[in-house]
Amino acid sequence: MDRGRLLIVSNRLPVTARLSGGEVRLTAASGGLATGMKPWHEGSGGLWIGWPGDVARFNQAQRAALDAQLHDRNIVPVYLTAEQVDRYYNGFSNRVLWPLFHYQIDRVPNEMTGWGAYQQVNERFADVVAREYRPGDAIWVHDYQLMLLPALLRQRMPDARIGFFLHIPFPASEVFRILPRRREILRGLLGADLIGFHTFAYMRHFVAALLHIEGVEADIDRVRTGSREVRLGVFPMGIDAGRFARLAENREVIRAAEALRRDAGGRQVVLGVDRLDYTKGIPRRLQSVERLLTREPALRDRIRYIQVAVPSRGEVDQYQRFRREVEEIVGRINGTTGTLRSTPIHYMHRSVPPRDLVALYRAADVMLVTPLRDGMNLVAKEFVASRVDEDGVLLLSEFAGAAAELDGALSVNPYDIDGVADAIARGLAMPAAERRARMARLRRRVMEHDVHAWARSFIESLREGVAPARTRASRRVPSLDVALKRAREAPSIRLLVDYDGTLVPLARTPEEASPDPDLLRLLERLAVTPGIELELVSGRPKDTLAEWLDDIPVSVWAEHGLWHRRGPESPWEATATPPADWTSRLLPILEQYTQATPGSRVEVKTASAAWHYREADPEFGRRQAHELRMLLGDALSNQPFEVLEGKKVIEVRLRGVSKAIVAQRIQSELNEGTALIAIGDDRTDEDLFRALPESALTIAVGHRALRARYWVKDYRDVRRLLRTVAGQARVASQPGDERRTGARHA
Ligand code: ADQ
């Protein structure tokens, strides 16, 4: 991996500029992003580019001093005017994008103003980044304020490596479509080489938006736009878990936590910690507490609910109104449920220093994290990391990105006031053994997948993902003819060849794909040629392949490597075992789609099932296929299955069963000097290509985007090539062959 510089670009910098007695001071931000990126910023000799905050009151000398201090820290400021900040940041970003992406449609103003400033500021960022950029740098752009930036950078620097990470949810495409500038936003993002999300759901929503709005069909984790490939990935952000755990062991923190519990006077402590934002679900959470206290008045003297709300976005009117709303609710509940001895809700509108925060986390019996929507939610993870005592209950909204990872939490629907009240009661009464078991699960996840692992995996993925055309060109690989000639000089050749689309054209029905006499002759020839070992690697069921290739002495892999047979006389051996009832949830869904889509059909294999729509109306079939894929993604999210899209087929298969198995198996038995040649035409073959050693000659059929070293046009080229390998190059030019097979074209 090359180690170029990393340019981090975000709206806010990891420091904020302030004046203190006429002196310029930089205060470090302690947020998740700042901590996670810190080692990368410092270690790569790179830069952090962003807005240093409001410097309107700085005079010229102070501005110069600020520039010098930022320069010393490898930070490049993007100065914005007060008006730009108001329209781009408070305006379009926080009044329009923020509520919309969090499904708060009613909070989006009638007129979505600020677009012009949003464009202008993104351009301004692009100019600054372009000025600082050096070839070889990787650029990582963060968050919704800068969604146009990837494309603006691409225009300025076509070869730059650009990553984008969205920290907030990407909404369902039905909601995203509300945005009048939806096209521009999508195109802006597609300027990146890699787009990262916190969860699979957000990524799927993005893919759906591309299809509905731009008509662009994405593969599960990649999209082609023009000559470029954009990869999509899921990177759930973590926290600096070690730091929280260390703070939690700090003597003063332990003492502060004990003091908090003493103050509570034997009452159980329930805690909420949030930025004061309407997405965090504070009013409904308070109502749930009220509901509980109304239902069980005895609890009024037995619990203390502490809600800390850190001031946020005070310049935006909605946030000012929201603050008053929350304060009114707190007052009302304390008025109606307070007793002479007890005020149930302790509310603080302020930021608390990290030590106090960790003391609160340590003191809590039940932690309430109930956002209506949240990209990830780091507070939930901070609570877990702070519980070095392996105790405490986490209540977590199913609409926080963190819910996809934290399965030890009590999951709640934050809109269900009674349900949340029930869950709080359950948390308060939970036996110690269950609390510990749940917390142990939570801690395993949070401590391992921390913010450093998150940043590392994104950056590595960004650095390794270079479009094939570009790397290949720069490495000067020999031509295919030369490579084949070299392979034929090797002591032996191992051929790994896919079947459909590679040896025969894709047929309308699977039955029509049976091998023609010419192909059977060719396979037989290869099978008996000394020095050549042929492996057919197909996704088809073993029985079909056995029937078709009954007399041919070749090694056959069926169902993407799940079944293997060394020759017609050998038994089939399974390489993995599927769970007994694996079809029970899957088949009803597939059957429903088959009924709704004339011309489609289901095929069930040992550990996979496929929904074929080659014969359906193309437009309708494609739409149904996309919907089905998303539905399956949800239905099977906790099952050991993965959903793949092939050519006119959606396939669900046992996770871990892929053509990569074949690569692993044969590599263990390879003789030295054996030349490896692999040929295939779709994504399932890519699994094989990827698992083979660098020296293997990988050939994609009809699909330049596949990660293969070479490319040929169609199955005819493949047959020609195989004849060459078998030392019979001249046979290829015999007339008749192609016409006969060509007639079978789909
Ligand atoms: P936020 O909406 O800011 O982040 P969150 O992930 O919960 O939400 O982070 C809040 C941070 O503020 C935490 O580090 C927390 O400790 C701190 N904080 C909260 N209350 C505080 C208080 N009273 N005093 C001091 N600190 C306090 C956005 C997205 C999230 C996503 C993150 C990271 O909205 O969904 O998880 O980015 O991608």
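Nothing here was measured: the structure is a model prediction, and the numbers come from that model.

A.B. asks: So, a negative patch on the surface: which residues are in play, and what are the values?
C.D. replies: A surface patch of like charges, here negative, comprises Glu524, Glu547, Asp550, Asp551 and Glu569. The topology assignment puts Glu524 in helix 20 (residues 517-528).

A.B. asks: Break down the pattern of salt bridges for me, with residues and values.
C.D. replies: Summed over all chains, the structure comprises 57 salt bridges. Here Arg438 and Glu434 are joined by a salt bridge, their closest N and O atoms 2.9 Å apart. Highlighted residues: Arg438 and Glu434, both in helix 16 (residues 432-448), separated by 4 residues, approximately one helical turn. Residue class for Arg438 comes out buried when judged on its relative accessible area of 16%.

A.B. asks: Provide a residue-level description of the confidence of the model for the chain, including the pertinent values.
C.D. replies: In the predicted model, the chain carries a mean pLDDT of 89, and 94% of its residues have values of at least 70. A low-confidence stretch, residues 466-475 (pLDDT under 50), is modelled with 12 contacts involving residues beyond four sequence positions or located in other chains. A low-confidence stretch, residues 729-746 stays under pLDDT 50, and its non-local contacts, those more than four residues away or across chains, total 33 contacts.

A.B. asks: Tell me about the site of the ligand, and please be specific about residues and values.
C.D. replies: Residues in close proximity to the ligand total 21 residues, the closest being His167, Arg275, Asp374, Met376 and Glu382. Gly375 is positioned such that a nitrogen or oxygen atom in its backbone is 2.9 Å from an oxygen atom of the ligand. Alone, the ligand offers 710 Å² of accessible surface; in the complex the protein occludes 85% of this. Contributing elements (two or more residues each) for the shell around the ligand: strand 12 (268-275), strand 13 (303-310) and helix 14 (378-386). Its residues assigned to classes, the shell around the ligand shows 10 nonpolar, 5 polar and 6 charged.

A.B. asks: For the sheet that holds strand 16 (residues 393-397), give the residues involved together with the corresponding values.
C.D. replies: Think of a sheet as strands paired side by side through backbone hydrogen bonds, with each pair either parallel or antiparallel. One open sheet holds the 6 strands; their spatial order is 14-13-12-15-16-17, and the pairing between them is parallel. Sheet topology places strand 14 (345-349) and strand 17 (410-412) at the edges, where each strand pairs with a single neighbour. Strand-to-strand twist in this sheet, taken as the mean axis angle between neighbours without regard to direction, amounts to 20°. Bridge count between strand 16 and strand 17: 3 bridges; the pairing is parallel. Its bridge partner lying in strand 17, Ser397 is registered against Val412.

A.B. asks: I'd love a proper account of the sheet that holds strand 23 (residues 601-604), names of residues and values included.
C.D. replies: Strand order in the open sheet formed by 4 strands is 23-24-26-25, and the pairing between neighbours is antiparallel. Every other strand in the sheet has two partners, leaving strand 23 and strand 25 (641-646) as the edge strands with one partner each. Direction aside, the axes of adjacent strands within the sheet are offset by 15° on average. Of the strand pairs in this sheet, strand 24 (residues 608-612) and strand 26 (residues 649-654) are connected by 5 bridges, and their pairing is antiparallel. Residue Ser608 lies in a different strand from strand 26, and its bridge partner there is Arg653.

A.B. asks: Break down the packing of aromatic side chains for me, with residues and values.
C.D. replies: Tallying each qualifying case throughout the model produces 24 aromatic pairs. Between the aromatic rings of Tyr278 and Phe322, the centroid separation amounts to 6.3 Å while the plane-to-plane angle is 85°, which identifies the pairing as edge-to-face. Pair noted here: Tyr278 is in the loop between strand 12 and helix 11 (282-295) and Phe322 is in helix 12 (residues 317-337), with a separation of 44 residues, a long-range link. Phe322 shares its class with Tyr278; the two are buried.

A.B. asks: Explain helix 13 (residues 354-363) residue by residue, including any values.
C.D. replies: Of all 10 residues in helix 13, 7 are buried, a share of seventy percent or more. Inspection of helix 13 places Leu357, Val358, Ala359, Leu360, Tyr361, Arg362 and Ala363 among the buried residues, and these make up the whole buried set. Contacts from the buried residues of helix 13 go to helix 9 (241-249), helix 10 (251-263), strand 12, strand 13, strand 15 (366-369) and helix 14.

A.B. asks: Which residues make up the pairing of strand 26, and what are the values?
C.D. replies: Counting buried positions along strand 26 gives 6 out of 6 residues, so the element sits mostly inside the fold. By the bridge criterion, 6 bridges tie strand 25 to strand 26 in an arrangement that is antiparallel. Bridge pairing links Glu645 to Ile650 in strand 26. Counting the residues between successive antiparallel strands, the hairpin from strand 25 to strand 26 contains 2 residues, one of them, Lys648, with a positive phi of roughly 60°.

A.B. asks: Describe in detail the side chain of Glu382, supporting the description with residues and values.
C.D. replies: With respect to the helices and strands, the residue Glu382 is situated in helix 14. No salt bridge is formed by the buried Glu382. Its closest oppositely charged neighbour is Arg243, at 7.1 Å. At a separation of 2.7 Å, a polar atom in the side chain of Glu382 contacts the side chain of Tyr361. Residues in contact with Glu382, not counting those within four places in the same chain, are Ile239, Phe244, Leu357 and Tyr361.

A.B. asks: Talk me through the side chain of Arg438; I want residue IDs and the actual numbers.
C.D. replies: Separated by 2.9 Å, the side chains of Arg438 and Glu434 make a polar contact. Discounting residues that sit within four places of it in the chain, Arg438 has contacts with Gly408, Ala409, Leu410, Arg426 and Met430.

Cut-off values and rules
Residues numbered from 1 in each chain as written. Predicted model: local features only at pLDDT ≥ 70, side-chain atom pairs only at ≥ 80, totals over all residues. Heavy atoms only, no water. Patch = residues over 30% accessible without salt bridge, like charges linked within 9 Å, V, L, I, M, F, W, Y side chains within 5 Å. Areas by Shrake-Rupley, 256 points an atom, 1.4 Å probe, with all protein chains shown as cover. Salt bridge = Lys/Arg side-chain N within 4 Å of Asp/Glu carboxyl O. Lys, Arg positive; Asp, Glu negative; His and termini not counted. Charge placed at Lys NZ, Arg CZ, Asp CG, Glu CD. Helix = DSSP H or I, 4+ residues; strand = E, 2+ residues; numbered from the N terminus. Buried < 20%, exposed > 50% of the residue type's maximum accessible area, 1.4 Å probe, protein only. pLDDT = per-residue confidence, 0-100. Contact = heavy atoms within 4.5 Å. Near = heavy atom within 4 Å. Polar contact = N/O pair within 3.5 Å; in protein donor to acceptor, adjacent residues only side chain to side chain. Nonpolar A, V, L, I, M, F, W, Y, C, P; charged D, E, K, R; others polar. Pairing = 2+ DSSP bridges. Axes fitted to C-alpha atoms, helices over the stretch in contact; angles between N-to-C directions. Phe/Tyr/Trp six-rings, centres within 6.5 Å; stacked < 30°, edge-to-face > 60°.

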